[in-house]
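# Analysis of the macromolecular model
Single-letter residue listing:
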Amino acid sequence: MEYSEKVMDHFMNPRNVGEMEDPSGIGTVGNAQCGDIMRVFLKIEDGIIIDATFKTFGCGAAVATSSVVTEMVKGKTVEEAMTITNKAVVEALDDLPAAKKHCSVLAEEALQSALWDYAQKNGITIEGLEEPKETAHEH
Ligand code: FES
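Figured I'd write up the structure that's included with this text. Just so it is clear, the model here is predicted, and its values are computed rather than measured.

### Some details on the nonpolar core
Residues Leu-42, Val-73, Val-89, Leu-115 and Ile-126 are the most contacted members of the largest nonpolar core, which totals 38 residues. For this core, the elements supplying multiple residues, two or more each, are strand S2 (37-45), strand S3 (48-57), helix H2 (60-73), helix H3 (78-81), helix H4 (86-92) and helix H5 (101-122).

### Things to note about the sheet that holds S3
What the three strands build is an open sheet, ordered S1-S2-S3; its pairing is antiparallel. Of all the strands in the sheet, the pair left with one neighbour each is strand S1 (25-30) and S3. Here the average twist between neighbouring strands, direction ignored, is 15 degrees. The sheet contact formed by S1 and S2 spans six bridges and is antiparallel.

### Here's the deal with the pattern of salt bridges
Note that side chains of opposite charge can pair when their charged atoms are close. Scanning all chains against the criterion turns up seven salt bridges. Here Lys-74 makes a salt bridge to Asp-51, at a shortest N to O gap of 3.5 Å. Taken together, the residues Lys-74 in the loop between H2 and H3 and Asp-51 in strand S3 connect sequence positions 23 residues apart. Asp-51 sits in the partly exposed class, given a relative accessible area of 27%. A salt bridge links Asp-117 to Lys-121; the shortest N-O distance between them is 2.9 Å. Of this pair, Asp-117 and Lys-121 both sit in helix H5, four residues apart, which is roughly one turn of the helix. A relative accessible area of 18% means that Asp-117 is categorised as buried. Residue classification places Lys-121 among the exposed residues on the basis of a relative accessible area of 51%.

### Details of the side chain of His-10
Relative to the helices and strands, His-10 is located in helix H1 (residues 5-12). A residue is classified by how much of its surface remains accessible, and His-10, at 4% relative accessible area, is buried. Among the polar contacts made by the side chain of His-10, one reaches the side chain of Ser-67 at a distance of 2.7 Å. Leaving out residues up to four positions away in the same chain, His-10 has contacts with Arg-15, Val-63, Ala-64, Ser-67, Val-68, Glu-71 and Leu-93.

### Concerning the pairing of S2
Regular strands show a simple pattern: their side chains alternate between the two faces of the sheet. The hairpin turn running from S1 into S2, its antiparallel successor, is six residues long, and Gly-35 in that turn takes a positive phi close to 80 degrees. Pairing of S2 with S3, which is carried by nine bridges, proceeds in the antiparallel orientation. By the bridge assignment for S3, Ile-37 is matched with Phe-57. Between S2 and S3, which pair antiparallel and follow one another directly, the connecting turn spans two residues, one of which, Asp-46, has a positive phi of 50 degrees.

What counts, and at which threshold
- Residues numbered from 1 in each chain as written.
- Predicted model: local features only at pLDDT ≥ 70, side-chain atom pairs only at ≥ 80, totals over all residues.
- Heavy atoms only, no water.
- Core = buried A, V, L, I, M, F, W, Y, C linked by side-chain atoms within 4.5 Å.
- Buried < 20%, exposed > 50% of the residue type's maximum accessible area, 1.4 Å probe, protein only.
- Helix = DSSP H or I, 4+ residues; strand = E, 2+ residues; numbered from the N terminus.
- Pairing = 2+ DSSP bridges.
- Axes fitted to C-alpha atoms, helices over the stretch in contact; angles between N-to-C directions.
- Salt bridge = Lys/Arg side-chain N within 4 Å of Asp/Glu carboxyl O.
- Polar contact = N/O pair within 3.5 Å; in protein donor to acceptor, adjacent residues only side chain to side chain.
- Contact = heavy atoms within 4.5 Å.

Next comes the structure, spelled out in structure tokens:
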């Protein structure tokens, strides 16, 4: 299994690590199979994501995908962030091994979950955004 230089870079030097004070939205997701957990924090002002951080308890690829996704969303509008799919995350990392593709799905889900949280807190609807499963079943 080969990792790209970008994956290794984001794994060794993850960007935007840590919790955020007073975030506009938090998204926590997990993968039941591998047990990895990812949490994304967003700060949104006037519909623009001005800051993003993450905490990931998981594999190296999960760290890399959450690191790169926080970089990708910064400066984007909420609508633009909605177009960031796991495929886009994989491309930004110059590919992931097939066995690690699900780690990028976690990054997409964490982002969408944080956007959902933001929308809920502000009573707004984001076009195309559906309630994340994890939120629905959170205790
Ligand atoms: Fe599950 Fe990477 S092994 S997120």
